[in-house]
Amino acid sequence: MSAEPATTTPDASDAAPARRERRAEPAAPRRRADDRYADALRREVIGIATLALCLCFMLALVSFDPADLTPQGIAADGGGTANLIGPVGASVADIIFSIFGIAAFLLPMTLAIPGYCFLVGKRVQVRPVDALGYPTLVLCGAMLAHMWLSGAVIMGHGAGGAIGSTGAEIIRSLFGSTGAYILIYALLALTLVLTTQVSLVATTSRAAGHVRARYVARASSRPSAEAPAAPRKSKV
């Protein structure tokens, strides 16, 4: 007699977990949607906090008054300050101006870029060139402010601050004033090209072409000058 193959019947205990897994499958997309929503909220909170901090930073710089920190100033007499962000804003602005000079105004504008990206949901990707480019941009601004406004006192501090005066004087001592201007402007242009990924030559060419096209269109729309008519002879 030939032995027939044994047939196995599915056990009810094995089928129960399979049914539970099939029921649990629709929950995965829901969890992914919840994670995306939570991530969007987190990015929005970070964006709002960053932009609020940048706004306070900018207002502290704009409304800075050196008298807020003197013993005879408003803060010493009545406890109030001319600074819109109060004594904390006055102290922070004083430190930042002493380091960067008027290039300090570039700091809140630079920090506002990632804050805006977080708020609107854009991906923030910090490349190595960005990590080096934006500080270099601030440094070039401080050095140029020191060279253009050498000896000027702005907001109670030097125009270029500590880093601007130090960097500019080192380059000037090595390459002279003309060489220092050339090197700093070249470094500034190189930084702008690398960080913004925008060609200065192409941008200049497009701007020149636009101006030329407008000039040609305006010139062609002007009425041509007609020759004056000959005077008529009076009949006798």
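Conventions used here
- Residues numbered from 1 in each chain as written.
- Predicted model: local features only at pLDDT ≥ 70, side-chain atom pairs only at ≥ 80, totals over all residues.
- Heavy atoms only, no water.
- Helix = DSSP H or I, 4+ residues; strand = E, 2+ residues; numbered from the N terminus.
- Buried < 20%, exposed > 50% of the residue type's maximum accessible area, 1.4 Å probe, protein only.
- Areas by Shrake-Rupley, 256 points an atom, 1.4 Å probe, with all protein chains shown as cover.
- Phe/Tyr/Trp six-rings, centres within 6.5 Å; stacked < 30°, edge-to-face > 60°.
- Patch = residues over 30% accessible without salt bridge, like charges linked within 9 Å, V, L, I, M, F, W, Y side chains within 5 Å.
- Salt bridge = Lys/Arg side-chain N within 4 Å of Asp/Glu carboxyl O.
- Axes fitted to C-alpha atoms, helices over the stretch in contact; angles between N-to-C directions.
- Parallel < 35°, antiparallel > 145°, perpendicular 65-115°, else oblique.
- Left-handed = near helix turned anticlockwise from the far one by under 90°.
- Contact = heavy atoms within 4.5 Å.
- Nonpolar A, V, L, I, M, F, W, Y, C, P; charged D, E, K, R; others polar.
- 1 Å grid on protein atoms, 1.4 Å probe; cavity = no way out; pocket = protein on both sides within 12 Å on 5 of 7 lines; lining within 4 Å.
- Points joined across faces, edges and corners; volume = space filled by probe spheres on them.
- Core = buried A, V, L, I, M, F, W, Y, C linked by side-chain atoms within 4.5 Å.
- Expected span 1.5 Å × (residues − 1).
- Bend = angle between axes of the 7 residues up to and from the residue.

Visitor: Tell me about the overall build of the protein chain, and name the residues and values.
Guide: Helix and strand content of the protein chain: eight helices and two strands. When the 236 residues of the protein chain are sorted by exposure, 21% land in the buried category. A total accessible area of about 16700 Å² is found for the protein chain, and carbon and sulfur atoms account for 65% of it.

Visitor: Lay out the packing of aromatic side chains with the relevant residues and their values.
Guide: Across all of its chains, the model carries three aromatic pairs by this definition. Their ring planes at 45° and their centres at 5.6 Å tell us that Phe64 and Phe97 sit as a pair that is tilted. Of this pair, Phe64 sits in the loop between helix H2 (27-62) and helix H3 (74-78) while Phe97 is found in helix H4 (residues 86-100), placing the two residues 33 residues apart along the sequence. You'll find Phe64 and Phe97 in the same group, each marked buried. Between Phe97 and Phe105, the aromatic rings sit 5.6 Å apart at their centres with planes inclined by 65°, giving edge-to-face as the arrangement. With relative accessibility at 22%, the residue Phe105 sits in the partly exposed group.

Visitor: Which residues make up a nonpolar patch on the surface, and what are the values?
Guide: Among the surface-exposed residues, Ile48, Tyr116, Leu119 and Val120 lie close enough to one another that they form a single nonpolar patch of about 350 Å² accessible area. Per-element tally for the nonpolar patch: the top contributor is helix H5 (residues 106-120), with three residues. By secondary structure assignment, the location of Tyr116 is in helix H5. Residue class for Tyr116 comes out partly exposed when judged on its relative accessible area of 45%.

Visitor: Lay out the packing of H5 against helix H6 (residues 128-148) with the relevant residues and their values.
Guide: Where H5 contacts H6, the two axes come as close as 10 Å, and the packing angle between them is 160°. Regarding the angle of H5 to H6, the classification is roughly antiparallel. Seen from above, H5 lies across H6 with right-handed handedness. Between H5 and H6, the residues in contact are Leu106, Leu107, Thr110 and Ile113 and Tyr134, Leu137 and Val138, respectively. Residue composition of the contact of H5 with H6, by class: six nonpolar, one polar and no charged.

Visitor: Provide a residue-level description of the pattern of salt bridges, including the pertinent values.
Guide: A side chain with one charge may pair with a side chain of the opposite charge, provided their charged atoms come close. Applying the stated criterion across every chain, the model contains three salt bridges. Its salt-bridge partner being Arg42, residue Asp39 comes within 3.0 Å of it at the nearest N-O pair. Linking Asp39 with Arg42, this pair stays in helix H2, spanning three residues, or about one helical turn. With a shortest N-O distance of 3.3 Å, Arg172 and Glu169 are connected by a salt bridge. On the criterion of helical spacing, the pair formed by Arg172 and Glu169 is a turn pair, its members being three residues apart in helix H7 (residues 161-196). What makes Arg172 partly exposed here is its relative accessible area of 23%.

Visitor: Mind laying out the layout of surface pockets, listing which residues take part and the relevant values?
Guide: Looking at the largest pocket, its volume works out to about 350 Å³. Taken together, 15 residues make up the lining of the largest pocket; nearest its centre are Ile113, Pro114, Val126, Asp130 and Tyr134. Breaking the lining of the largest pocket down by element, the ones donating at least two residues are H5, H6 and H7. Considering each element in turn, the lining of the largest pocket owes the most residues, five residues, to H5.

Visitor: Give a detailed account of unusual backbone geometry, specifying residues and quantitative values.
Guide: Positive phi, close to 55°, is recorded for Met155, a residue that is not glycine. Assignment of secondary structure puts Met155 in the loop between strand S1 (153-154) and strand S2 (157-158).

Visitor: Describe in detail the nonpolar core, supporting the description with residues and values.
Guide: Core analysis: the largest hydrophobic core is formed by 12 residues, namely Phe57, Leu61, Phe64, Ala93, Ile96, Phe97, Phe100, Ala103, Ala104, Leu107, Val138 and Ala142. Where this core is concerned, the elements lending two or more residues are H2, H4 and H6. In terms of residues, this core owes the most to one element, H4, which gives four residues. Sequence-distant contacts of Phe97, defined by excluding residues within four places in its chain, comprise Leu61, Phe64, Ala104, Phe105, Met155, His157 and Gly161.

Visitor: Just give me the short version of H7, but keep the residues and values in it.
Guide: Taking 1.5 Å of rise per residue, the 36 residues of H7 would be expected to cover 52 Å, yet its terminal C-alpha atoms sit only 26 Å apart, more than 12% below that figure. At Gly176, H7 shows its maximal kink, close to 115°. In this structure, the buried residues of H7 make contact with H4, H6 and S2. Within two residues after H7, Gln197 carries a phi angle of roughly 60°, on the positive side.

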